[in-house]
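# Residue-level structure breakdown
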Amino acid sequence: MDSIFILTGAGISAESGLGTFRDKGGLWTRYDLSRVATPEGFRADPALVHDFYNMRRKNCLDAAPNAAHAALARLERDHPGEVTLVTQNVDDLHERAGSTGVIHMHGELRRALCAACGHRWPAPERMLPEEACPSCGRPATRPDIVWFGEMPYRMDEILERLARATLFVVIGSSGEVYPAAGFVDEAAAQGIPTLEINLEPSGRRGLFDRGLYGPATEVVPRWVAESLRD
Ligand code: OAD
């Protein structure tokens with residue numbers, strides 16, 4: 001069966017007004033990732049880390065899905081085969097555009113996680129470090145985000161789905177963060193055709209069979225139309 005595996009990154013949400021990480025003015029040019037995106041940073045200053053994700057959660061709530069998110073939802077709906085959508089993004093714009101079963105390998109802004117017992121629940125708009133876990137009662141509330149040094153979620157399932165893909169596509173990612181950056185090597189090793197869609201060729205362009213370049217809101221709908229042959 002025809003099976004399209006898509007990995008998205010911050011570039012797909014850029015035109016919705018959510019910043020990317022490594023472009024000019026990106027989040028990691030303005031914030032020290034070791035302070036806001038590591039378990040050590042959280043232990044050192046939980047309030048600072050909560051402030052950072054509260055700000056990002058608010059930006060996400062204020063943002064709307066764009067034409068690229070909508071096109072992927074349409075692909076899932078109209079493609080006769082399987083479509084797997086794995087995202088490195090912690091926003092919920094794919095879901096709000098209509099995609100279902102999205103795999104959030106780096107966690108989700110809209111979820112909270114208890115660092116003490118592992119319980120997960122819907123995050124309030126503003127999370128506070130002293131908030132108690134609704135399950136165990138301990139004040140160990142953290143955003144359900146995968147930080148540097150932590151293992152991304154659902155890796156076994158992701159690799160299983162990648163192994164049965166007939167096309168591997170990356171949209172809006174610089175390919176700088178592993179293990180996601182290594183998926184293209186896995187796909188190539190298995191002989192799966194690979195496509196990069198990005199604003200411009202990424203540093204990993206040479207690993208892809210094909211590239212389509214320009215703003216995601218223009219290129220992704222065009223590629224989806226081509227894939228659905230309409
Ligand atoms: P990056 O910021 O590293 O890369 C974003 C990519 O999107 C760049 O290659 C841009 O050229 C491209 N881009 C920007 N605007 C675009 C547009 N309008 N249309 C298409 N492409 C566009 O973001 P990611 O690769 O997603 O992890 O970053 C990967 C991970 O690094 C994130 O999930 C996050 C971060 O640290 C964690 O926080 C664990």
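Residues numbered from 1 in each chain as written. Predicted model: local features only at pLDDT ≥ 70, side-chain atom pairs only at ≥ 80, totals over all residues. Heavy atoms only, no water.

As annotated in an unreviewed UniProt entry, the chain carries the name NAD-dependent protein deacylase and comes from Cereibacter johrii. What UniProt records for the chain under Sequence similarities (unreviewed entry) is the sentence "Belongs to the sirtuin family. Class III subfamily." Regarding the chain, the relevant UniProt record gives this comment under Function (unreviewed entry): "NAD-dependent lysine deacetylase and desuccinylase that specifically removes acetyl and succinyl groups on target proteins. Modulates the activities of several proteins which are inactive in their acylated form." (UniProt positions renumbered as here; feature names shortened; annotations may be inferred.)

Spatially, 3 strands are ordered S5-S4-S6 in an open sheet, and the strand pairing comes out antiparallel. A strand with exactly one partner marks an edge of an open sheet, and here the two such strands are strand S5 (120-122) and strand S6 (141-145). Across the sheet, the mean angle separating the axes of adjacent strands is 45° when strand polarity is ignored. Pairing between strand S4 (residues 107-114) and S6: 5 bridges, direction antiparallel. Residue Ala-112 lies in a different strand from S6, and its bridge partner there is Pro-143. (Pairing = 2+ DSSP bridges. Helix = DSSP H or I, 4+ residues; strand = E, 2+ residues; numbered from the N terminus. Axes fitted to C-alpha atoms, helices over the stretch in contact; angles between N-to-C directions.)

The next subject is the environment of Pro-143. Along the chain, Pro-143 falls in strand S6. Between the C-alpha atom of Pro-143 and that of Ala-68, which follows or precedes it by 75 residues, the distance is 27 Å. Beyond its immediate chain neighbours, meaning those up to four positions away, Pro-143 contacts His-50, Tyr-53, Arg-57, Arg-111, Leu-113 and Met-127. (Contact = heavy atoms within 4.5 Å.)

With that settled, consider the packing of aromatic side chains. In this structure the tally under the stated criterion is 8 aromatic pairs. Taken together, a centroid distance of 5.9 Å and an interplanar angle of 20° make the contact between Trp-28 and Phe-52 stacked. In this pair, Trp-28 sits in helix H1 (residues 27-30) while Phe-52 sits in helix H4 (residues 46-62), placing the two residues 24 residues apart along the sequence. A relative accessible area of 17% means that Trp-28 is categorised as buried. The buried category is assigned to Phe-52, whose relative accessible area is 3%. Chaining the aromatic ring pairs together yields one cluster made of Phe-21, Trp-28, Tyr-31, Phe-42, Phe-52, Tyr-53 and Trp-147. When the ring centre of Tyr-153 is taken as origin, the NZ or CZ atom of Arg-120, which lies over that ring, is 5.0 Å away. Here the basic side chain of Arg-142 rests over the ring of Trp-147, its NZ or CZ set 3.8 Å away from the ring centre. (Phe/Tyr/Trp six-rings, centres within 6.5 Å; stacked < 30°, edge-to-face > 60°. Buried < 20%, exposed > 50% of the residue type's maximum accessible area, 1.4 Å probe, protein only. Lys NZ or Arg CZ within 6 Å of the ring centre and 35° of its normal.)

Time to look at the site of the ligand. Within the structure, the ligand sits among 23 residues, and Phe-21, Arg-22, Trp-28, Ser-173 and Ser-174 are positioned closest to it. At 2.9 Å, a side-chain N or O of Glu-15 approaches a nitrogen atom of the ligand. With respect to the ligand, the backbone of Phe-21 contributes an N or O atom lying 2.7 Å from an oxygen atom. When the ligand is considered free in solution it has 800 Å² of accessible area, and contact with the protein chains removes 94% of it. (Near = heavy atom within 4 Å. Polar contact = N/O pair within 3.5 Å; in protein donor to acceptor, adjacent residues only side chain to side chain. Areas by Shrake-Rupley, 256 points an atom, 1.4 Å probe, with all protein chains shown as cover.)

Along the chain, Val-36 falls in helix H2 (residues 33-36). On a C-alpha basis, the gap between Val-36 and Phe-148 in space is 9.8 Å, while along the polypeptide they are 112 residues apart. Once residues within four sequence positions are removed from consideration, Val-36 is found in contact with Trp-28, Tyr-31, Leu-48, Val-49, Phe-52, Tyr-53 and Trp-147.

A few words on the state of the cysteines. Tallying each qualifying case throughout the model produces 0 disulfides. Here Cys-133 is not disulfide-linked; the sulfur of Cys-114 is the nearest cysteine sulfur, at 3.7 Å. Cys-133 gets classed as buried once you look at its relative accessible area, which sits at 3%. The thiol sulfur of Cys-136 is not disulfide-bonded, and the nearest other cysteine sulfur, from Cys-114, lies at 3.7 Å. You can call Cys-136 partly exposed: its relative accessible area is 31%. (Disulfide = S-S within 2.5 Å.)

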